[in-house]
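Tertiary structure, described
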Amino acid sequence: MNKVIELQIINNYSVKVKFKDGFEGEIDLKPMLGKGIAEELLNEQKFKTLIIEPGGGIAWENGYDICPNYLRELVEQEVESKVA
């Protein structure tokens, strides 16, 4: 199972994550924001409330979260697109 062990907000809505197995990468989360409960996270101060949740995913204080397996897929796609 994937588990985020390190998290760093880089700029705007981009974050760097490191998983338990050592895989790491950066991802722009802005495309996932702006609708429903995630709309308020377009406010930079609210976006910065991002934490690693106990299950190894990431979450914000408003309850919006991204599970670690889906986050891993997104980061892998981002890394692959930069290599190609």
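Here is a short report on the structure shown in this document. (Residues numbered from 1 in each chain as written. Predicted model: local features only at pLDDT ≥ 70, side-chain atom pairs only at ≥ 80, totals over all residues. Heavy atoms only, no water.)

Our next topic: the overall build of the protein. Scanning the protein from terminus to terminus reveals two helices and six strands. The globule rule puts the C-alpha radius of gyration for 84 residues at 12 Å, and the 12 Å found for the protein is close to it. A principal-axis box enclosing the C-alpha atoms of the protein has dimensions of 30 × 30 × 20 Å. In the protein, which comprises 84 residues, the share counted as buried stands at 33%. Within the protein, contacts between residues at least 6 apart in sequence are counted, and of these 45% link residues at least 24 apart. Computed over 10 positive and 15 negative side-chain charges, the inter-centroid distance for the protein is 3 Å. (Helix = DSSP H or I, 4+ residues; strand = E, 2+ residues; numbered from the N terminus. Rg over C-alpha atoms; globule rule 2.2 N^0.38 Å. Buried < 20%, exposed > 50% of the residue type's maximum accessible area, 1.4 Å probe, protein only. Contact = heavy atoms within 4.5 Å. Lys, Arg positive; Asp, Glu negative; His and termini not counted. Charge placed at Lys NZ, Arg CZ, Asp CG, Glu CD.)

Another point: helix α2 (residues 68-83). If you check α2, its first and last C-alpha atoms are 22 Å apart, about what 16 residues at 1.5 Å a residue would give, namely 22 Å. The complete set of buried residues in α2 reads Pro68, Leu71, Arg72, Leu74 and Val75. The buried residues of α2 all sit within an arc of 165 degrees when viewed along its axis, so they share a single face. Looking at the buried positions of α2, the neighbouring elements they touch are β1 (4-11), β2 (14-19), β3 (24-28), β5 (58-59) and β6 (65-66). (Expected span 1.5 Å × (residues − 1). Arc of directions from axis to C-beta.)

Turning next to the environment of Leu33. Topologically, Leu33 is positioned in the loop between β3 and α1 (44-47). Sequence spacing of Leu33 and Cys67 is 34 residues, and the spatial spacing of their C-alpha atoms is 15 Å.

Soluble, globular proteins show a tendency: their nonpolar side chains are buried together. Counting 19 residues, the largest nonpolar core has Leu29, Ile58, Trp60 and Leu71 as its most contacted members. Broken down by secondary-structure element, the contributors of at least two residues to this core are β2 and α2. Excluding anything up to four places from it in sequence, Trp60 contacts Leu29, Leu41, Lys46, Phe47, Thr49, Leu50 and Ile66. (Core = buried A, V, L, I, M, F, W, Y, C linked by side-chain atoms within 4.5 Å.)

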